[in-house]
Amino acid sequence: MDVSPEHTAICQDEDTISIAVMGPTGTGKTSFVNLLSGSSLRVGKDLESCTDSVQVSQPFELAGRTITLVDTPGFDDTKLTDVGVLNMIAAYLSYSHSRNQKLAGVIYLHRILDNRVGGISARSFRLFRNLCGDQSLRSVIIATTMWDKVDEDVALEREEELASKDVFFKPALKKGARLARHSNTLASAQAIIRSLIANDDCSVTLQIQEELGSGLEIFETRAGKELSREVFEQINRHREEMRGIMADIQEATRARDQESRKELADERVRIANLISKLQMDSTEMVKGYREALAKLEERVMKAEQAARESKEQSAPKSFGVPSSSGNSPVVQAVAATENTNAVLEGKLAAAIPVIGFWGKLAVMLAPFSLTWR
Ligand SMILES: Nc1nc2c(ncn2[C@@H]2O[C@H](COP(=O)(O)OP(=O)(O)OP(=O)(O)O)[C@@H](O)[C@H]2O)c(=O)[nH]1
Ligand SMILES: [Mg+2]
């Protein structure tokens, strides 16, 4: 399990605030992060989920603040389990909180073109609510995306439905969350950020941060409990499916239909694997969380060490590297994938001019701090 951003550098800057971007897979989280920050984090191209770890954007300036965006994998990822996703997000949130990194709020993205107010979207939002708790909803903006993909009239109708039905966003909106539109332009993304950082002191503690900070185990948190319940239901659904397949296999055997029998047998194996993965993940939730946290801590320590060494060796003043001290907050900078790949290929000189200071710092520190994919 990987908690680390793909390309991480650590430096300290107490004035930098971070904003987490969450939501189901494919809602445009990474696109939103890239648009605002100028990062080049990988964006999905097909139906498969794309982001498979928590990753942090380059810092950018807006409304007099230095901001980093925390991009997260979505629940209902096609490759990761929900337990794996929760562990990664929880480890990041808990660790950054323990290092006093200011979280200004959370932007939750929802595709306006999803015509079902239920299913995956509702499940994902339920988990999100449990992760945030009620008290931090004032620092949550639910932003609808993909307005260009659906007729405006239909989109407006759906927006109204989202805001007015108990089954979806209404209860959260009543408790202080805000609904916004993201029209895929920089101006609309910036407007969302501005309204998030305008009203408060730009520091919120999410429910899961409080819970983990007070010593609860991940499975004892509200989100952990909700997810365990969901996983249990998922396993039951798969078992039900399995019973149907077994009956079909018997039927195909009786009918001597070898082709169907083979297809059904393959499906049986696939579902059996799914069940055992879900069972293992949920029984090992604590282990998975601790591993995620340990990896994150190790990488941060290595990157800090590398930052210190780099500062000593390479005239840091010219880069304006902030001073490092033991308990300062964590700020992570991310370089673009293509440029980091260039570094891997030994093209450091070619990569540096493109990515600016934060990317440069990331590139410099990366070989010390990362497990490359
Ligand atoms: N038409 C349209 N496409 C968008 C918009 N936002 C994102 N996309 C596209 O939607 C796809 C998924 O976008 P991502 O940014 O990778 O979504 P994500 O939420 O990060 O997905 P995961 O990493 O899989 O959780 C990409 O092909 C984007 O180009 C939008 O507002 N309009
Ligand atoms: Mg993504």
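Residues numbered from 1 in each chain as written. Chains lettered and ligands numbered in written order. Predicted model: local features only at pLDDT ≥ 70, side-chain atom pairs only at ≥ 80, totals over all residues.

This next bit is on the overall build of the protein. Counting secondary structure elements, the protein contains 12 helices and nine strands. Within the protein, buried positions represent 41% of all 373 residues. Intrachain contacts of the protein at a sequence separation of at least 6 include 78% that bridge at least 24 residues. (Helix = DSSP H or I, 4+ residues; strand = E, 2+ residues; numbered from the N terminus. Buried ≥ 20, exposed ≤ 12 C-beta atoms within 10 Å, placed from the backbone. Contact = placed C-beta atoms within 7 Å.)

Within the structure, ligand 1 sits among 20 residues, and Gly28, Thr30, Ser31, Gly44 and Thr51 are positioned closest to it. Examining the composition of the shell around ligand 1, we find that three residues originate from one element, helix 1 (residues 29–37), more than from any other. Here the shell around ligand 1 is composed, by residue class, of four nonpolar, 12 polar and four charged. (Near = placed C-beta within 6 Å. Nonpolar A, V, L, I, M, F, W, Y, C, P; charged D, E, K, R; others polar.)

In this structure, Ile19, Val21, Ala90, Ala91, Tyr92 and Ile107 are the most contacted members of the largest nonpolar core, which totals 61 residues. The greatest single-element share of this core, amounting to 10 residues, is contributed by helix 2 (residues 82–98). Counting the residues that make up this core, at least three belong to each of domain 1 (17–216) and domain 2 (220–312). (Core = buried A, V, L, I, M, F, W, Y, C linked by C-beta atoms within 7 Å. Domains from an automatic or database assignment.)

Right, let's talk about the pairing of strand 2 (residues 16–22) for a bit. Judged by how many residues are buried, strand 2 sits mostly within the fold: seven of seven residues are covered. Residues Thr16, Ser18, Ala20 and Met22 point to one face of strand 2 and Ile17, Ile19 and Val21 to the other, with burial holding for every one of them. The pairing of strand 2 with strand 5 (residues 65–71) spans six bridges and is classified as parallel. If you follow Ser18 over to strand 5, its bridge partner there is Thr68. (Pairing = 2+ DSSP bridges.)

Now for the packing of helix 2 against helix 8 (residues 222–254). At a minimum axis separation of 10 Å, helix 2 and helix 8 run at an interaxial angle of 170 degrees. As the angle between them shows, helix 2 and helix 8 are arranged roughly antiparallel. Each of Asp82, Val83 and Leu86 in helix 2 lies in contact with helix 8, whose residues at this interface are Ala223, Gly224, Leu227, Glu230 and Val231. Considered class by class, the residues forming the contact of helix 2 with helix 8 number five nonpolar, one polar and two charged. (Axes fitted to C-alpha atoms, helices over the stretch in contact; angles between N-to-C directions. Parallel < 35°, antiparallel > 145°, perpendicular 65-115°, else oblique.)

Taken N-terminus to C-terminus, the directions of helix 8 and helix 9 (residues 258–283) make an angle of 160 degrees; their axes are 9 Å apart at the nearest point. Relative to helix 9, the element helix 8 is oriented roughly antiparallel. Our pair here, helix 8 against helix 9, has a crossing hand that is left-handed. By residue class, the composition of the contact of helix 8 with helix 9 is 12 nonpolar, seven polar and six charged. (Left-handed = near helix turned anticlockwise from the far one by under 90°.)

For strand 5, a buried count of five out of seven residues is recorded, marking the element as mostly surrounded by other parts of the structure. With two bridges connecting them, strand 3 (residues 55–56) and strand 5 associate as antiparallel partners. From the neighbouring strand, Val56 faces strand 5, where its bridge partner is Val70. Sheet topology note: the strand 4 (residues 60–62)/strand 5 ladder contains three bridges and is antiparallel. Of the residues in strand 5, the one forming a bridge with Leu62 is Arg65. Between strand 4 and the antiparallel strand that follows it, strand 5, lie two residues; Ala63 among them carries a positive phi value of about 50 degrees.

Another aspect to go through is the confidence of the model for the protein. Of the residues in the protein, 78% reach a pLDDT of 70 or more, and the chain-wide mean stands at 80. Contacts of residues 1–12 to residues separated by more than four positions or lying in other chains number 73 contacts, the stretch itself having pLDDT below 50. Of the regions scoring below 50 in pLDDT, residues 316–373 engages in 127 contacts with residues more than four places distant in sequence or in other chains. (pLDDT = per-residue confidence, 0-100.)

With that settled, the discussion passes to helix 2. For helix 2, spanning 17 residues, the distance from its first C-alpha to its last is 24 Å, which sits close to the expected 24 Å at 1.5 Å a residue. Most of helix 2 is tucked away, with 15 of its 17 residues classed as buried. Positive backbone phi, at 60 degrees, marks Asn100, one or two positions downstream of helix 2. (Expected span 1.5 Å × (residues − 1).)

The next subject is unusual backbone geometry. With phi around 50 degrees, Ala63 is a residue other than glycine that occupies positive phi space. Mapped onto the fold, Ala63 is located in the loop between strand 4 and strand 5. With a phi angle near 60 degrees, Asn100 is a residue other than glycine that sits in the positive phi range. Take Asn100: it is sitting in the loop between helix 2 and strand 6 (102–111).

An ideal rise of 1.5 Å per residue puts 42 Å on 29 residues; helix 10 (residues 285–313) measures up with 42 Å between its terminal C-alpha atoms. All buried positions along helix 10 are accounted for by Met285, Gly288, Tyr289, Ala292, Leu293, Leu296, Arg299, Ala303, Glu304 and Ala307.

Further remarks concern the environment of Gly38. With respect to the helices and strands, Gly38 occurs in the loop between helix 1 and strand 3. Judged by local crowding, Gly38 falls into the partly exposed class, with 16 C-beta atoms found within 10 Å. Spatially, the C-alpha atom of Gly38 lies 8.2 Å from that of Ser57, the residues being 19 residues apart in sequence. Excluding residues that lie within four positions of it along the chain, Gly38 makes contacts with Gln58 and Phe60.

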